[in-house]
Amino acid sequence: MSRFISAMCNSTEECKYFLKWMRINLDNLSRTHLPPLWAKYKEQCRNSSENKELIAKLDREISSCSLGTEHFLREMGQLYESACSLPEALTPEIKHLPRLCVKLLQEGFPLELVDGDSSNIPLEWVTQVLKELHDLTKNTCKIRVISVLGVQSTGKSTLLNTMFGVQFAVSSDRCTRGAFMLLIRVKEDFKVRLGCDYIMVIDTEGLKAPQLAQLDDSYEHDNELATLVVGLSDITVINIAMENSTEMNDILQIVVHAFLRMKEVGRKPCCQFVHQNVADISAHDSNMRDRKLLLEQLNEMTQAAAKMEKKGNNYTFTDVMEYDPERNTWYIPGLWNGNPPMAPVNAGYSESVGLFKRSVNEKFMEQKSGDSSAHTIIEFLEWTKSLWQAVKYENFIFSFQPCN
Ligand SMILES: Nc1nc2c(ncn2[C@@H]2O[C@H](COP(=O)(O)OP(=O)(O)OP(=O)(O)O)[C@@H](O)[C@H]2O)c(=O)[nH]1
Ligand SMILES: [Mg+2]
C-alpha cells in the first residue's frame, strides 16, 4: 500500500500510466489464476450437490482471486476511515489521501461508493473526498446523476462504457461488486445547455447475483442497493437482457418498492428501460403490445407494493415515477456479431447506444428547464448520507421478499 500511495503522489500523467499498467498486470494475474479455479468449481458442481462446503470455499477463493486497482483504492479509503476513529493516527500523509483520490476522480477513474464486500458506504472517506472535490471546483460545481440497475452480467458496465467512453471493469469472470461512481466533465459550450458541470455515472453490481442468492438476506441487499441508487439518480437506466426476462419481474418489484419510497421523500425519479440483445431492428414498433403489457404489469406491482406499504389502492406506476412507455423504452441489439472472443463488435449496438445517449442528454436538458435543477456536490453528499441512513438504519426498506 505504501508503494501504491507513493505512486499516486506522482504527477497526474504518471499516475494514469501507473494505474493502467497495474490494471493490465493484475488482469493478467487473474487470467492465470481464475480458469483452474472455475474448472474445479464446475467439476464440483457437476459431481455432486453435497459438496456444499467445498463449493463455498472455491467460491470464496474465486472472489478473492479477482484483485483489481479498485481494491487498492478501497484500501486507501479504509486506511483513512480507521485513522478517523483514532485522531492521533490522522497524520499529514493520511490526511492527504482524499486529495489523491479526487485527482483520480477528476481524471475519470471510478471511486467505490458502496463497498462491494461489506455492502457499506465508507462515509468518512466519501464525505472527505467529495468535500475536497467541492473545494477544488470552487464550490459552485453542479452535477447530474445517471445510474444503471439490472440482473448480473447483462452488460450494464458495457452499456455505460459505450455511452460515455469510460472504463468500468467489464468481464464475464470478474463482476462489478458494490457501486462505483465516476465523473465526466461537461464541455464548456455544453454546460449551459445541459445545466451542469459534471455528469456523475454510477455503475452497480448485478441484482439477483447467484453468489448472494444462497444468503437469506440477499433480497434485502438488492433492495438497499436499488433504493440508494434510484434515490441518488436523476435518471436510472433499468437494463434488461431479453434472454433473462424472467428475472425482470423480481428486479421490477424491487425497483417499484424503491420508487414508492422515493415518492414518500418527495422525489420522482426518471427511469429508462433498456432492453438488450434485441435482434430485430423494428422491435420498437412490434413490441408496442409488450410495452403496454409492461406498463400494466408495473401498475399492478405498484398497487401491490402500495397495499403492502399501506398507502391505499389508487397508485399507478407513473404516479411514483416519470415514465413514458413510448419515449423511455429502448431496444438495443447484441454487442457481438457472432461468438466472442474473435467475433467483431456489432455496429448496430453502438448506433443504438448513441441514440439512447442523445435522448439521455435531452432528458437532462428537459430537467433543467423543468423544476429539477442540478445539485451541488455538497447537496449530493448530504442526500447520500441521509438516504443511506434511512436505508440502513431506519427501516426504510420494507421487509419485502420477491415471490419467485
Ligand atoms: N452477447 C452479448 N454479450 C454482451 C453484451 N453486453 C455485454 N456483453 C458481454 O457480457 C459480459 C459481461 O458484461 P458486463 O458489462 O461486465 O456486464 P454487467 O451487467 O456489468 O455485469 P455485472 O457487473 O457482473 O453485473 C462481457 O464479457 C461483455 O462483453 C451484449 O449485448 N450481448
Ligand atoms: Mg458490471
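Everything quoted here is computed from the prediction, not taken from an experiment.

Thoughts on the overall build of the chain
At step 1: Looking only at helices and strands, the chain features 16 helices and 8 strands.
At step 2: Buried positions account for 49% of the 404 residues belonging to the chain.
At step 3: Contacts in the chain between residues at least 24 apart in sequence constitute 76% of all its contacts with a sequence separation of at least 6.
At step 4: Surface summary for the chain: the accessible area is close to 20,100 Å², and the carbon and sulfur share equals 52%.

Considerations on the site of ligand 1
At step 1: Around ligand 1, a shell composed of 18 residues is seen, among which Lys156, Ser157, Thr158, Thr176 and Asn277 lie nearest.
At step 2: Between an oxygen atom of ligand 1 and a main-chain N or O atom of Gly155, the distance comes to 3.0 Å.
At step 3: Lys156 places a polar side-chain atom, nitrogen or oxygen, 2.7 Å from an oxygen atom of ligand 1.
At step 4: Contact with the protein chains hides 84% of the accessible area of ligand 1, taken as 650 Å² for the molecule alone.
At step 5: When residues of the shell around ligand 1 are assigned to their parent elements, the largest contribution, 3 residues, is made by helix α7 (residues 156–164).
At step 6: Partitioning the shell around ligand 1 into residue classes produces 4 nonpolar, 13 polar and 1 charged.

Considering α7
At step 1: When you tally the buried positions in α7, you get 8 out of 9 residues, the bulk of the element.
At step 2: Turning to α7, its buried residues number three or more, namely Lys156, Ser157, Thr158, Leu159, Leu160, Asn161, Met163 and Phe164.
At step 3: Phi turns positive one or two residues past the end of α7, at Gly165, with a value near 65°.

Things to note about the pattern of salt bridges
At step 1: Under the criterion given, the structure shown has 16 salt bridges.
At step 2: Salt-bridge contacts for Glu112 lead to Arg74; the nearest nitrogen and oxygen are separated by 2.8 Å. Highlighted residues: Glu112 in strand β1 (residues 111–114) and Arg74 in helix α4 (residues 69–84), separated in sequence by 38 residues. Both residues of the pair, Glu112 and Arg74, belong to the buried class.
At step 3: Ionic pairing is found between Glu188 and Lys191, a salt bridge with its closest N-O pair at 3.2 Å. Of the two residues, Glu188 and Lys191 are both situated in helix α8 (residues 188–194); the distance of 3 residues between them amounts to about one turn of the helix.
At step 4: Given a relative accessible area of 62%, Glu188 falls into the exposed group.

Description of the packing of helix α5 (residues 92–106) against helix α6 (residues 123–136)
Geometrically, a packed helix pair is captured by the angle between its two axes and the distance between the axes.
At step 1: Look at α5 against α6: their axes get within 9 Å of each other, and the N-to-C directions meet at 65°. In this structure, α5 crosses over α6, and the sense of that crossing is right-handed. Facing Leu97, Pro98, Arg99, Cys101, Val102, Leu105 and Gln106 of α5, the residues of α6 in contact are Trp125, Gln128, Val129, Glu132, Leu133 and Leu136.
At step 2: By residue class, the composition of the contact of α5 with α6 is 9 nonpolar, 2 polar and 2 charged.

What about the confidence of the model for the chain?
At step 1: Within the chain, residue pLDDT values average 83, and 88% of them lie at 70 or more.
At step 2: Ranking the elements of the chain by mean pLDDT puts helix α9 (residues 210–213) last, at 57, and strand β4 (residues 198–204) first, at 94.
At step 3: Note that residues 398–404 has pLDDT below 50 and, in this model, 18 contacts with residues that lie over four places away or in other chains.

Focus: helix α13 (residues 288–308)
At step 1: Across its 21 residues, α13 extends 30 Å between first and last C-alpha, which sits within 8% of the 30 Å expected from 1.5 Å per residue.
At step 2: Within α13 the residues assigned to the buried category are Arg291, Leu294, Leu298, Met301, Thr302, Ala305 and Ala306. Down the axis of α13, the sector holding all buried residues measures 135°, keeping them to one side. When the buried face of α13 is taken as reference, the exposed residues oriented beyond 90 degrees from it are Arg289, Lys292, Glu300 and Lys307.
At step 3: Positive phi shows up at Lys310, right after α13, with a value of about 55°.

Some thoughts on unusual backbone geometry
At step 1: Phi is positive for Ser119, which is not a glycine, with a value near 50°.
At step 2: With respect to the element layout, Ser119 can be found in the loop between β1 and α6.
At step 3: We note that Ser153 has phi near 55°; this positive angle belongs to a residue other than glycine.
At step 4: Locating Ser153 in the fold gives a position in the loop between β2 (142–150) and α7.

Observations regarding the nonpolar core
At step 1: Counting residues in each nonpolar core, the largest one holds 72 residues, and the members touching the most others are Met76, Trp125, Met181 and Phe273.
At step 2: Within the second largest apolar cluster, 28 residues are counted, among which are Val148, Met163, Trp330 and Val360.

The rules behind the values
- Residues numbered from 1 in each chain as written.
- Chains lettered and ligands numbered in written order.
- Predicted model: local features only at pLDDT ≥ 70, side-chain atom pairs only at ≥ 80, totals over all residues.
- Heavy atoms only, no water.
- Helix = DSSP H or I, 4+ residues; strand = E, 2+ residues; numbered from the N terminus.
- Buried < 20%, exposed > 50% of the residue type's maximum accessible area, 1.4 Å probe, protein only.
- Contact = heavy atoms within 4.5 Å.
- Areas by Shrake-Rupley, 256 points an atom, 1.4 Å probe, with all protein chains shown as cover.
- Near = heavy atom within 4 Å.
- Polar contact = N/O pair within 3.5 Å; in protein donor to acceptor, adjacent residues only side chain to side chain.
- Nonpolar A, V, L, I, M, F, W, Y, C, P; charged D, E, K, R; others polar.
- Salt bridge = Lys/Arg side-chain N within 4 Å of Asp/Glu carboxyl O.
- Axes fitted to C-alpha atoms, helices over the stretch in contact; angles between N-to-C directions.
- Left-handed = near helix turned anticlockwise from the far one by under 90°.
- pLDDT = per-residue confidence, 0-100.
- Expected span 1.5 Å × (residues − 1).
- Arc of directions from axis to C-beta.
- Core = buried A, V, L, I, M, F, W, Y, C linked by side-chain atoms within 4.5 Å.

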